[in-house]
Amino acid sequence: MNTPGTFQIHATDGAARTGVLQTAHGPVNTPIFMPVGTVGSVKAIAPDDLNAIGAEIILGNTYHLYLRPGDELVARRGGLHGFNAWDKPILTDSGGFQVFSLASANKIKEDGVEFRSLLDGRKYFFTPELVMEIEEALGADIAMAFDECAPYPSDREYTIAAMERTHRWAVRCKAAHTRPDQALFGIVQGGMFADLRIESAKFLASLDLPGYGIGGLSVGEPKEMMYDMLEQMMPYMPANKPRYLMGVGSPDCLVEGAVRGIDMFDCVLQTRIARNGLALTGSGKKMLRNASFEHDFTPIEEGCDCYACKNGFTRAYIRHLVKCKEILAAQLITTHNLRFSLRLMEQVREAIEQDRLLDFREELKAKGTFD
C-alpha cells in the first residue's frame, strides 16, 4: 500500500509532468483542478454530481470551518469526509489566505494571528499549533501549513518579514503535526521578488515535506509576472514532490501553470461566475444572461458531456432561469464550468503524455478558449 503523500511522476513534456499523488482516500491524477468547498460544500453541486463530472479531490477551509460549525463537531462525525459525505480526497487550506484577504480584522504577531470573527465579532487567535490541531480534527488528506501571504504590491522589507515568519511557522507546523494518514504541505512565499521566491523554495525543500504549495500569487499582479515567478522558482522546487499553485484556476492559468510544472490548482472562479450566469467554453466565456441568448436553443457548449449540455438544457432556457433568479441556473452552469475545467485538465494530461502540450496550448489560444 502506498504511503499517503507519495507522489510518482509518469510522463514529462518539458517542465510539465503527469503523476499520481497517493492519499488515504485514494489516488489523485495530476495535473489536477480541485473544486473549492470553503465551508465543506462545493457551492450548488452535490457530491454524487462531483463524482459524475470527474472530480478527484475537493477543498475545505480551516478558518471558515473553525468558526462554523467548529472542528470539534466535524471531528465527532468522523471528519469532513463523514460530515459532507464525500469519500474521495480532501485538502484543507490553513487560513493563511484569510489573514491576507481579511486583513482589516487581523493582527499578525510572531506567535500567530489575532482576528475577529466576521460572524459574531468575537476574538480568536490562530497559532501554527492550533491550525494543525484543527486540520487534524477536520481529517483532510492534505493539510496546508499556516503561512503569511504578502499582499500585492508589498515592499521588500515587509515581504521578507512575511516570508521568514512563514518559514518559522512551517517548522512549528511540522513539529506539531502528528497524523500519519495526512500529508502536510508547506507554502512558498516571497511576493514578487524572484530571489526571495528561490530562498523560500530552498528553505521549505529542506524540511522534506510531502508537497509544496505556492502562495501569494494571483493576488492582483499581472499574469506575466506570476508566470515569471513560477519559471524562476521552479528549478528550486523538489522535482519528486507535488507542486500546488494556490487559488489559481482560469483556463489560461491552468494550462500555463501546467506548462511550467504545476501539479495542482484550485479556484472559486468556476462556481462564483456560474452564480452570475457566466459559463466557460472552448470558445471563451459566455454571459448567458445576455439578450443574445434569448432564442438560442443550443447547449452551453456543443459536444460537452456535462449533465446540462447532454440533457437538452439550452442557452435560452438557462438564460430564462438566470433572469428569474432560479437556483437551477446556478446548478447547471456550475456543473458545466467544473466539468469544463476538469475535462481541460484531462486534456492537459493527455497532451503531456503525447509530448504535445505546447501545441495544445496554441490550439486553445486559436479557438479563443482563454478569452
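Structure first, text after, so check above.
Residues numbered from 1 in each chain as written. Predicted model: local features only at pLDDT ≥ 70, side-chain atom pairs only at ≥ 80, totals over all residues. Heavy atoms only, no water.

A.B. asks: When you look at the environment of E148 in this model, what are you seeing that I'm missing?
C.D. replies: Relative to the helices and strands, E148 resides in the loop between β10 (142–144) and α7 (156–176). The spatial distance from the C-alpha of E148 to the C-alpha of L338 is 29 Å, given a sequence separation of 190 residues. If sequence neighbours within four positions are ignored, E148 has contacts with I108, Y158, A162, R165, T166, W169 and Q189. A distance of 2.5 Å separates polar atoms of two side chains, one belonging to E148 and the other to Y158. (Helix = DSSP H or I, 4+ residues; strand = E, 2+ residues; numbered from the N terminus. Contact = heavy atoms within 4.5 Å. Polar contact = N/O pair within 3.5 Å; in protein donor to acceptor, adjacent residues only side chain to side chain.)

A.B. asks: Mind showing me how you'd approach the layout of surface pockets here?
C.D. replies: To find the voids left in a structure, one rolls a probe of water-molecule size over its atoms. In this model, the largest pocket occupies a volume close to 980 Å³. Lining the largest pocket are 42 residues, and of these T38, F97, Q98, V268 and R272 lie nearest its centre. At the level of secondary structure, the elements contributing two or more residues to the lining of the largest pocket comprise β5 (58–61), α2 (62–67), α5 (96–101), β14 (264–267) and α11 (269–274). Split by residue class, the lining of the largest pocket holds 20 nonpolar, 14 polar and eight charged. (1 Å grid on protein atoms, 1.4 Å probe; cavity = no way out; pocket = protein on both sides within 12 Å on 5 of 7 lines; lining within 4 Å. Points joined across faces, edges and corners; volume = space filled by probe spheres on them. Nonpolar A, V, L, I, M, F, W, Y, C, P; charged D, E, K, R; others polar.)

A.B. asks: Explain the sheet that holds strand β12 (residues 211–214) here, please?
C.D. replies: Strands belonging to one sheet form pairs held by backbone hydrogen bonds; the direction of such a pair is parallel or antiparallel. The eight strands are arranged β4-β14-β13-β12-β11-β10-β6-β5 in an open sheet whose pairing can be described as parallel. With partners counted over all chains shown, the strands left at the sheet margins are β4 (32–35) and β5, one partner each. If you compare each strand with its neighbour and ignore which way they point, the axes differ by 25° on average. Pairing between strand β6 (residues 90–93) and β10: two bridges, direction parallel. When the bridges of β10 are listed, L91 appears paired with I142. (Pairing = 2+ DSSP bridges. Axes fitted to C-alpha atoms, helices over the stretch in contact; angles between N-to-C directions.)

A.B. asks: Which parts of the structure should I look at to understand the pattern of salt bridges?
C.D. replies: A side chain with one charge can pair with a side chain of the opposite charge if their charged atoms come near. Counting across every chain of the model gives 23 salt bridges. Residue E301 is joined to R343 by a salt bridge in which the shortest nitrogen-to-oxygen separation is 3.8 Å. Taken together, the positions of E301 in the loop between β16 (286–287) and α12 (307–310) and R343 in helix α14 (residues 327–353) put the pair 42 residues apart, joining distant regions of the chain. Residue E301 shares its accessibility class with R343, and that shared class is buried. Residues participating in the shared-partner salt-bridge network are E231, E256, R260, R361, E362 and K365. (Salt bridge = Lys/Arg side-chain N within 4 Å of Asp/Glu carboxyl O. Buried < 20%, exposed > 50% of the residue type's maximum accessible area, 1.4 Å probe, protein only.)

A.B. asks: Before we go on, may I ask you to explain helix α6 (residues 128–138) in this structure?
C.D. replies: Turn by turn, an α-helix covers 3.6 residues, leaving residues three or four places apart pointing in a common direction. Across the eleven residues of α6, nine count as buried, placing the element largely inside the fold. If you check which residues of α6 are buried, you get P128, L130, V131, M132, I134, E135, E136, A137 and L138.

A.B. asks: Mind showing me how you'd approach the packing of aromatic side chains here?
C.D. replies: Think of a pair of aromatic rings as described by two things: how far the centres are apart, and how the planes are tilted against each other in angle. Within this structure, the stated rule accounts for ten aromatic pairs. Between F126 and F146, the aromatic rings sit 6.1 Å apart at their centres with planes inclined by 75°, giving edge-to-face as the arrangement. Taken together, the residues F126 in strand β9 (residues 123–126) and F146 in the loop between β10 and α7 connect sequence positions 20 residues apart. Each member of the pair, F126 as well as F146, is classed as buried. Taking 4.8 Å as the distance between ring centres and 10° as the angle between the ring planes, the aromatic pair formed by F146 and W169 counts as stacked. One end of the pair, F146, is in the loop between β10 and α7; the other, W169, is in helix α7, and 23 residues separate them in sequence. Relative accessible area serves as the criterion here: at 0%, F146 is assigned to the buried category. Residue W169 is classed as buried on the basis of its relative accessible area, which comes to 0%. (Phe/Tyr/Trp six-rings, centres within 6.5 Å; stacked < 30°, edge-to-face > 60°.)

A.B. asks: So what exactly am I meant to see when it comes to the environment of M34 here?
C.D. replies: For M34, the location among the structural elements is in strand β4. When its relative accessible area of 0% is taken as the criterion, M34 is described as buried. Taking the C-alpha atoms as reference points, M34 and L59, 25 residues apart in sequence, are found 6.8 Å from one another. Here M34 is in contact with I57, L59, L91, Y244, M264, F265, D266 and C267, once residues within four sequence places are set aside.

A.B. asks: For this particular structure, what's the right way to read the pairing of β14?
C.D. replies: For a regular strand, the rule is simple: side chains alternate between the two faces of the sheet. Residues of β14 alternate between two faces, with M264 and D266 on one and F265 and C267 on the opposite face, all of them buried. Across four bridges, β4 lies against β14 in parallel orientation. Paired with I32 across the strands is M264, a residue of β14. Once you follow strand β13 (residues 243–245) into helix α10 (residues 251–259) and on to β14, the crossover reads as right-handed. (Right-handed = clockwise from strand over helix to strand, strands pointing away.)

A.B. asks: So what exactly am I meant to see when it comes to empty space enclosed by the protein here?
C.D. replies: As enumerated under the stated definition, the model contains one cavity of 30 Å³ or more in all. What lines the largest cavity is I32, G54, E56, L342, M345, E346 and R349. It is α14 that contributes the most residues to the lining of the largest cavity, four residues altogether. Class assignment for the residues of the lining of the largest cavity results in three nonpolar, one polar and three charged.

A.B. asks: How should I be thinking about the pairing of strand β1 (residues 7–13) in this particular structure?
C.D. replies: Summarising the sheet, β1 and strand β2 (residues 16–23) pair through six bridges and their orientation is antiparallel. Following the sheet pairing, F7 is matched in β2 by L21. Where β1 hands over to β2, the hairpin turn is made up of two residues, of which G14 adopts a positive phi near 65°.

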